[in-house]
Amino acid sequence: MVIRELDSTPSLATLYPKALLGFRKTGSSLPDTELVRTGVTVDPAHLAAYNTVCGFRLSDELPVTYPHILAFPLQMALMTEPGFPFPLLGMVHVANRITQHRALRLSEPLTIRVRAENLRPHERGRQFDVVSEAWAGDDLVWVDVSTYLRRGSSSGSSSRRDQLAPPTPDAIWRIPGDIGRRYAEVSGDRNPIHLHPLTARLFGFPKAIAHGMWTKAHALASFEGRLPEAFTVDVRFKQPVFLPGKAGFTSWSTPEGWAFELWSKTKPHLDGTITSL
């Protein structure tokens, strides 16, 4: 593994043009590189804006999804490098698993580490993981595993899925049409599929769709005050949430913690579990 420490946080304004220019990239292996940025701090105003967009209360404790925002520029930098085998645009975020070993505070500086690993077949192409870590000193305090799908031919096996009926919702989400643009402002994720119907149509979507990480964060906001300090939250992203939209959210307790789902009529959008460590 080649460790490359960055002197500054990568600029998303320069990375997006690189993503557009890299649409012809091909390859068969992931780079053996880990990007590292030390001394990463949180801007209180930015944290407050993120909490407002996602539905978290204002606090000096970071929501478990917030460090994903700190790691996102490094993720982008890694996936737009010349040696990365797939074009960034067109990849599908299919799952995200975050483990928090303890609560993170606004005031503590962090070291962020990002690498790609575990390239493997998928029934609709190939998938891989982008692993992001947050360290406080010598302690690993937070790990994020984002699984991406590169659609195409594959030798991965296909399995038949039973059609399930949606559960009775505990709450109805009324999702505004501008949530993609609002989340893009606080996350830096300005993928065109989230911003406007016209740009979403360029990638095959009839309307703009919500960010998967916004739906995960908004779901977790409903558990505030009930989460342990150390836990894992594992989510699979399913059908896209078109904007504006309405969806039913359901949660229930399990022996390990909680489970939750998001549906629109008969269309599943997300399912997840929260497990105490």
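That block above? That's the structure.
No experiment lies behind these values; they were computed from the predicted model shown.

Caption draft 1: Up close: the overall build of the protein chain. In terms of helices and strands, the protein chain carries 6 helices and 11 strands. Taken against the 2.2 N^0.38 rule, which gives 19 Å for 277 residues, the C-alpha radius of gyration of the protein chain at 18 Å falls within 12% of a compact globule. With respect to the three principal axes, the spread of C-alpha positions in the protein chain is 50 × 45 × 35 Å. Here the protein chain holds 277 residues, and 50% of them are scored as buried. Split by element, the accessible area of the protein chain, about 13400 Å² in all, is 52% carbon and sulfur. On the protein chain, the mean spot of the 31 positive side-chain charges and the mean spot of the 27 negative ones are 11 Å from each other.

Caption draft 2: Molecular detail of the environment of Val 130. Examined against the element boundaries, Val 130 turns out to sit in strand S5 (residues 125-136). Separated by 114 residues in sequence, Val 130 and Pro 244 have C-alpha atoms that sit 29 Å apart. With residues near it in sequence (within four places) discarded, Val 130 still touches Gln 75, Met 79, Val 114, Arg 115, Ala 116, Asp 144, Val 145, Ser 146 and Tyr 148.

Caption draft 3: Layout of the sheet that holds strand S7 (residues 171-175). Across the sheet, 11 strands lie side by side as S1-S2-S4-S5-S6-S3-S8-S11-S10-S9-S7; this open sheet has mixed pairing. Two strands in the sheet have a free side with no partner beyond their single neighbour: strand S1 (2-5) and S7. Neighbour-to-neighbour, the strand axes of this sheet turn through a mean angle of 20 degrees, independent of strand direction. Summarising the sheet, S7 and strand S9 (residues 245-253) pair through 5 bridges and their orientation is antiparallel. Each bridged residue has a counterpart across the sheet, and for Ile 175 the counterpart in S9 is Gly 245.

Caption draft 4: Quick look at the nonpolar core. Core analysis: the biggest nonpolar cluster contains 71 residues, and Tyr 50, Ile 112, Phe 128, Tyr 183, Trp 214, Val 233 and Phe 260 have the highest contact counts within it. No other element matches the 10 residues that helix H3 (residues 66-79) contributes to this core. Other than its neighbours up to four places away in sequence, Ile 112 contacts Leu 35, Val 36, Arg 37, Val 40, Leu 70, Ala 71, Leu 74, Glu 133 and Ala 134.

Caption draft 5: Spotlight on the pattern of salt bridges. Taken as a whole, this structure holds 13 salt bridges when the rule is applied. As a salt-bridge pair, Arg 115 and Glu 133 come within 3.2 Å of each other at their nearest N and O atoms. Here the residue Arg 115 occupies a position in strand S4 (residues 110-122), and Glu 133 occupies one in strand S5, the gap between them amounting to 18 residues. Note that Asp 271 and Lys 238 form a salt bridge whose closest N and O atoms lie 2.6 Å from each other. With a gap of 33 residues between them, Asp 271 in strand S11 (residues 267-276) and Lys 238 in the loop between strand S8 (231-237) and S9 connect regions that are remote in the sequence. Owing to a relative accessible area of 13%, Asp 271 belongs among the buried residues under this scheme. Judged by its relative accessible area of 39%, Lys 238 is partly exposed. Among the charged side chains, a salt-bridge network with shared partners connects Glu 34, Arg 113, Arg 115, Glu 117 and Glu 133.

Caption draft 6: Region of the structure containing the packing of aromatic side chains. Applying the stated criterion across every chain, the model contains 12 aromatic pairs. With centroids separated by 6.4 Å and ring planes inclined at 50 degrees, the aromatic side chains of Tyr 50 and Tyr 183 adopt a geometry described as tilted. One end of the pair, Tyr 50, is in helix H2 (residues 44-54); the other, Tyr 183, is in helix H4 (residues 179-187), and 133 residues separate them in sequence. No difference in accessibility class separates Tyr 50 from Tyr 183, as the two residues are buried.

Caption draft 7: Just H3, in detail. In this model, H3 (14 residues) spans 20 Å end to end at C-alpha, consistent with the 20 Å of a helix rising 1.5 Å per residue. Within H3, 14 of the 14 residues are buried, which leaves it mostly tucked inside the rest of the structure.

Caption draft 8: How the structure looks around the environment of Leu 21. Following the sequence through the fold, Leu 21 ends up in helix H1 (residues 12-21). The exposure class of Leu 21 is exposed, given its relative accessible area of 73%.

Caption draft 9: Region of the structure containing the pairing of S4. Bridge count between strand S2 (residues 33-40) and S4: 5 bridges; the pairing is antiparallel. When the bridges of S4 are listed, Val 40 appears paired with Leu 110. As paired strands, S4 and S5 are joined by 10 bridges and run antiparallel to one another. In the sheet register, Ile 112 faces S5, and the bridge partner there is Ala 134. Where S4 hands over to S5, the hairpin turn is made up of 2 residues, counted between the paired strands.

Parameters at a glance
Residues numbered from 1 in each chain as written. Predicted model: local features only at pLDDT ≥ 70, side-chain atom pairs only at ≥ 80, totals over all residues. Heavy atoms only, no water. Helix = DSSP H or I, 4+ residues; strand = E, 2+ residues; numbered from the N terminus. Rg over C-alpha atoms; globule rule 2.2 N^0.38 Å. Buried < 20%, exposed > 50% of the residue type's maximum accessible area, 1.4 Å probe, protein only. Areas by Shrake-Rupley, 256 points an atom, 1.4 Å probe, with all protein chains shown as cover. Lys, Arg positive; Asp, Glu negative; His and termini not counted. Charge placed at Lys NZ, Arg CZ, Asp CG, Glu CD. Contact = heavy atoms within 4.5 Å. Pairing = 2+ DSSP bridges. Axes fitted to C-alpha atoms, helices over the stretch in contact; angles between N-to-C directions. Core = buried A, V, L, I, M, F, W, Y, C linked by side-chain atoms within 4.5 Å. Salt bridge = Lys/Arg side-chain N within 4 Å of Asp/Glu carboxyl O. Phe/Tyr/Trp six-rings, centres within 6.5 Å; stacked < 30°, edge-to-face > 60°. Expected span 1.5 Å × (residues − 1).

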